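Structural description and commentary
Now for the letters of each chain:
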Amino acid sequence: MPHHIVILTGAGLSAESGLGTFRDKGGLWETNDLAKLATPEGFAEDPARVHAFYNARRDNAARAEPNPAHHALHHLSAQHEGRVTLITQNVDALHERAGSEDVIHMHGALHGALCAACEHRYPAPPQMQASDPCPNCGAPRTRPDIVWFGEIPYQMERIEGALLSADLFVAIGTSGSVYPAAGFVQLARAVGAQTLEINLDPSDVASDFDTATYGPASETVPAWVDQMLGS
Ligand code: APR
């Protein structure tokens with residue numbers, strides 16, 4: 001059993017919970033303009049449009065249920081006490097709802113809100129609107145606590161520290177098309193970690209991985225965890 005396992009998850013992990021991915025057929029960035037909805041410029045141009053997009057996603061995420069992949073990753077962490085670092089690009093709370101703790105949300109989270117004026121962070125109400133005053137400073141500058149394109153992902157120092165001490169790096173349900181997350185496998189390889197891709201089909205960085213398992217996460221992830229715990 002590897003000592004320190006670092007896991008990166010993406011939208012494919014929540015696909016079977018009914019939450020859309022971004023780049024699959026009919027994905028969120030095929031049906032929506034990311035420049036208008038997932039950039040600081042888009043928010044400045046039309047905050048109401050951005051809030052409406054995230055309010056709908058927050059509502060969908062609140063009604064979704066964790067799937068067997070989320071539960072399997074929690075089981076692995078529970079059995080492999082303190083030696084699993086779970087990093088997610090996802091902004092839903094399905095890892096937490098499956099029991100995972102201390103999840104690193106590098107792209108933020110729908111259940112978080114941020115004041116663009118004083119940087120106060122607080123739990124997001126189910127529906128946010130541009131005129132909502134910040135509970136701390138009162139400014140009507142509140143936004144979803146989501147990392148948009150062109151912004152710096154959260155907890156990067158902690159993530160890099162984890163990767164530098166990884167014995168095994170596993171990427172699950174991600175297309176490997178957005179950096180810095182897509183480059184994590186190279187960091188892990190540089191320190192001699194084994195690398196595994198678990199996805200529906202090969203990602204953009206599939207060739208960087210030592211091994212791969214393809215199929216629906218709700219089947220492949222529990223099978224992988226069983227194999228890890230059996231070993
Ligand atoms: N099981 C496993 N993998 C799946 C499943 C499934 N049921 N369904 C889809 N996938 C895989 C797809 O093959 C694809 O490679 O999940 C991946 C989803 O890729 P994207 O839609 O690009 O999502 P992700 O990689 O998480 O995007 C990264 O881009 O838009 C930004 O901030 C956003 O965090 C997101 C980032």
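Residues numbered from 1 in each chain as written. Predicted model: local features only at pLDDT ≥ 70, side-chain atom pairs only at ≥ 80, totals over all residues. Heavy atoms only, no water.

1. Things to note about the pattern of salt bridges
Overall, the coordinates contain 8 salt bridges when judged by the stated rule. Here D145 and R121 are joined by a salt bridge, their closest N and O atoms 2.9 Å apart. Of this pair, D145 sits in strand β6 (residues 142–146) while R121 is found in strand β5 (residues 121–123), placing the two residues 24 residues apart along the sequence. Assessed through its relative accessible area of 42%, R121 is described here as partly exposed. As a salt-bridge pair, R189 and D210 come within 3.2 Å of each other at their nearest N and O atoms. With a gap of 21 residues between them, R189 in helix α9 (residues 184–190) and D210 in the loop between β8 (194–199) and β9 (211–214) connect regions that are remote in the sequence. Of the residues examined, R189 reaches a relative accessible area of 37% and is grouped as partly exposed. (Salt bridge = Lys/Arg side-chain N within 4 Å of Asp/Glu carboxyl O. Helix = DSSP H or I, 4+ residues; strand = E, 2+ residues; numbered from the N terminus. Buried < 20%, exposed > 50% of the residue type's maximum accessible area, 1.4 Å probe, protein only.)

2. Thoughts on unusual backbone geometry
Cis geometry marks the peptide bond from Y179 to P180, where omega comes out at 5 degrees. Assignment of secondary structure puts P180 in the loop between β7 (168–172) and α9. For Q155, which is not glycine, the phi dihedral falls at a positive 55 degrees. Tracing the sequence through the fold places Q155 in the loop between β6 and α8 (156–164).

3. Looking at the nonpolar core
I5, I7, L73, V170, V221 and W224 are the most contacted members of the largest nonpolar core, which has 20 residues in total. Elements supplying a minimum of two residues to this core: β1 (5–9), α6 (68–79), β2 (84–88), β7, β8 and α10 (217–230). Examining the composition of this core, we find that 5 residues originate from one element, α10, more than from any other. When residues no more than four places from it in sequence are discounted, the contact partners of V221 are L13, A69, A72, L73, I172 and I198. Membership of the second largest hydrophobic core comes to 19 residues, among which are I87, L163, A166 and A171. (Core = buried A, V, L, I, M, F, W, Y, C linked by side-chain atoms within 4.5 Å. Contact = heavy atoms within 4.5 Å.)

4. What to know about the packing of aromatic side chains
Counted under the stated rule, the structure contains 7 aromatic pairs. What links up through ring pairs into an aromatic cluster is the set F22, W29, F43, F53, Y54, W148 and F149. Its end group placed over the ring of W148, R143 keeps NZ or CZ at 3.8 Å from the ring centre. (Phe/Tyr/Trp six-rings, centres within 6.5 Å; stacked < 30°, edge-to-face > 60°. Lys NZ or Arg CZ within 6 Å of the ring centre and 35° of its normal.)

5. Here we look at empty space enclosed by the protein
Following the criterion strictly, the structure yields 1 cavity of 30 Å³ or more and no others. Approximately 60 Å³ is the volume attributed to the largest cavity. Along its surface, the largest cavity is lined by L8, F169, A171, T174, G176, A181, A182, V185, E197, S203, V205 and F209. Broken down by class, the residue content of the lining of the largest cavity amounts to 8 nonpolar, 3 polar and 1 charged. (1 Å grid on protein atoms, 1.4 Å probe; cavity = no way out; pocket = protein on both sides within 12 Å on 5 of 7 lines; lining within 4 Å. Points joined across faces, edges and corners; volume = space filled by probe spheres on them. Nonpolar A, V, L, I, M, F, W, Y, C, P; charged D, E, K, R; others polar.)

6. Examining the UniProt feature "binding site: Zn(2+)" (unreviewed entry) in the protein chain
The positions UniProt marks with the feature "binding site: Zn(2+)" (unreviewed entry) are C115, C118, C134 and C137. A compact arrangement is adopted by the annotated residues: their sequence extent is 23 residues, whereas the largest C-alpha distance between any two is 8.4 Å. One can find C115 in strand β4 (residues 108–115). Since its relative accessible area comes to 0%, C115 is described here as buried. (UniProt positions renumbered as here; feature names shortened; annotations may be inferred.)

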